[in-house]
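# Descriptive analysis of the structure
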Amino acid sequence: MSMSDNRKVAFEIVYSLESQNTNYEDYKEIVNMFFEERDIHGKATTKYIKDVVYGTKRHGKQIKKQIEDCLSEKWSYERLSKVNIAILEVAIFEMLFLKTPYKVVINEAVELAKAFGDSKSPAFINGVLASIVKKNKIDEVETND
């Protein structure tokens, strides 16, 4: 699978777990079932997806704070769609904790927003992630992605 495919799967799992309000203790079983249903194999693929899924939960409070700090006064975190939240969680985790180049992350997140969000999602996702890059002074790094 390509990295784009891996990100899409990670997003789908994060979205599914968030939508179902799943307890962290049940993540492993659900992630493994997802892999079986989708016939996902490969050590690098499963490691990346698990790192993202578990990492978004483990660093959830920090990630939520990053999102909240970028919202205008008219918006609250609770008003955001679960799709947008899941896209942002995956993207922010990748930028801050996996140190994936922000240009790659933002581009991929916007593509997920086009595919799964509403008509305003791509611009919203792009704006929030651009704010996070500036706020955290994230530099671009080279990658093979």
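Remember, it's a predicted structure, so these values are computed and weren't measured experimentally.

## Quick look at helix α2 (residues 27-38)
Compared with the 16 Å implied by 1.5 Å per residue over 12 residues, the 16 Å span of α2 between its first and last C-alpha is a close match. For α2, the complete set of buried residues consists of Tyr 27, Val 31, Phe 34 and Phe 35. Take α2 and look down its axis: the buried residues cluster within an arc of 100°, on one side only. Of the residues in α2, the exposed ones pointing more than 90 degrees away from the buried face are Glu 29, Glu 36 and Glu 37. Along its buried surface, α2 packs onto α1 (3-19) and α3 (43-58). In the stretch just after α2, Asp 39 is the one whose phi turns positive, near 55°.

## Overview of the nonpolar core
If you look at the biggest cluster of nonpolar residues, it comprises 44 residues, and the most contacted ones within it are Ile 13, Ile 49, Val 53, Ile 67, Ile 87, Ile 92 and Leu 129. Sorting the residues of this core by element identifies α1, α2, α3, α4 (60-70), α5 (82-96), α6 (102-116) and α7 (121-135) as the ones contributing at least two each. For this core, the element with the highest residue contribution is α5, accounting for 11 residues. Among residues more than four places away in sequence, those in contact with Ile 13 are Val 31, Phe 34, Phe 35, Ile 49 and Val 53.

## Considerations on the packing of α5 against α6
Following both chains from N to C, one finds α5 and α6 inclined at 165°, their axes separated by 10 Å at the closest point. Relative to α6, the element α5 lies roughly antiparallel. Seen from above, α5 lies across α6 with right-handed handedness. Contacts between α5 and α6 pair Val 83, Ile 87, Ala 91, Glu 94 and Met 95 from the former with Tyr 102, Val 105, Ala 109, Leu 112, Ala 113 and Phe 116 from the latter. Partitioned by chemical class, the residues of the contact of α5 with α6 number 10 nonpolar, no polar and 1 charged.

## Quick look at the environment of Ala 10
Take Ala 10: it is sitting in helix α1. Overall, Ala 10 belongs to the buried group, its relative accessible area being 0%. For the pair Ala 10 and Tyr 102, spaced 92 residues apart in the sequence, the C-alpha separation amounts to 17 Å. With near-sequence residues (within four places) excluded, Ala 10 lies in contact with Tyr 48, Ile 49, Val 52, Val 53 and Val 90.

## Here we look at the packing of α1 against α5
Contact geometry of α1 with α5 gives a least axis separation of 9 Å together with a crossing angle of 130°. In terms of orientation, α1 and α5 fall into the oblique class. Here the hand of the crossing between α1 and α5 comes out right-handed. From α1, Arg 7, Ala 10, Phe 11, Val 14, Tyr 15, Glu 18 and Ser 19 reach across to α5, where they touch Lys 82, Val 83, Ala 86, Ile 87, Glu 89, Val 90 and Glu 94.

## Remarks on the packing of aromatic side chains
For the structure shown, the criterion picks out 3 aromatic pairs. Their ring planes at 45° and their centres at 5.0 Å tell us that Phe 11 and Phe 116 sit as a pair that is tilted. Placement of the pair is Phe 11 in helix α1 and Phe 116 in helix α6, with a sequence separation of 105 residues. Judged by relative accessible area, which is 2%, Phe 11 ranks as buried. Residue classification places Phe 116 among the partly exposed residues on the basis of a relative accessible area of 32%. Plain terms: the ring middles of Phe 93 and Phe 97 are 5.4 Å apart, the flat faces sit at 25° to each other, and that makes the pair stacked. Here Phe 93 falls in the buried class, since its relative accessible area comes to 4%. An aromatic cluster of at least three residues, connected via ring pairs, comprises Phe 11, Tyr 15 and Phe 116.

Here is what the cut-offs are and how they apply
- As a convention, each chain's residues are numbered from 1 in the sequence order in which they are written.
- Thresholds applied to this predicted model are a pLDDT of at least 70 for local features of residues and 80 or more for the giving and counting of side-chain atom pairs; totals over whole chains, interfaces and linings are not thresholded and use all residues.
- Hydrogens and water are ignored here; the side-chain numbers use all heavy atoms of the structure.
- Helix and strand definitions follow DSSP, with helices as H or I runs of at least four residues and strands as E runs of at least two, each counted in order from the N terminus.
- Each helix should span, by expectation, one fewer than its residue count multiplied by 1.5 Å.
- Relative accessible area decides the class of each residue, using a 1.4 Å probe on protein chains only: under 20% of the type maximum gives buried, over 50% gives exposed, and in between gives partly exposed.
- Comment: arc refers to directions from the helix axis out to C-beta atoms.
- Every residue pair with non-hydrogen atoms within 4.5 Å of one another is taken to be in contact.
- Buried residues of nine kinds, namely Ala, Val, Leu, Ile, Met, Phe, Trp, Tyr and Cys, make up a nonpolar core once their side-chain atoms join them within 4.5 Å.
- Only C-alpha atoms enter the line fits that serve as axes; for helices the fit covers just the stretch in contact. Angles between N-to-C directions range over 0 to 180 degrees.
- Angle categories: roughly parallel below 35 degrees, roughly antiparallel above 145, roughly perpendicular from 65 to 115, and oblique for all the rest.
- In this scheme, a crossing is called left-handed if the near helix is turned counterclockwise away from the far one by less than a right angle; it is called right-handed if the turn is clockwise.
- Amino acids outside the nonpolar list (Ala, Val, Leu, Ile, Met, Phe, Trp, Tyr, Cys, Pro) and the charged list (Asp, Glu, Lys, Arg) are all regarded as polar, and Gly is one of them.
- Ring pairs are drawn from Phe, Tyr and Trp, using the six-membered ring of Trp, whenever the two centres fall within 6.5 Å, and their geometry is named by plane angle: stacked under 30 degrees, edge-to-face over 60, tilted for the rest.

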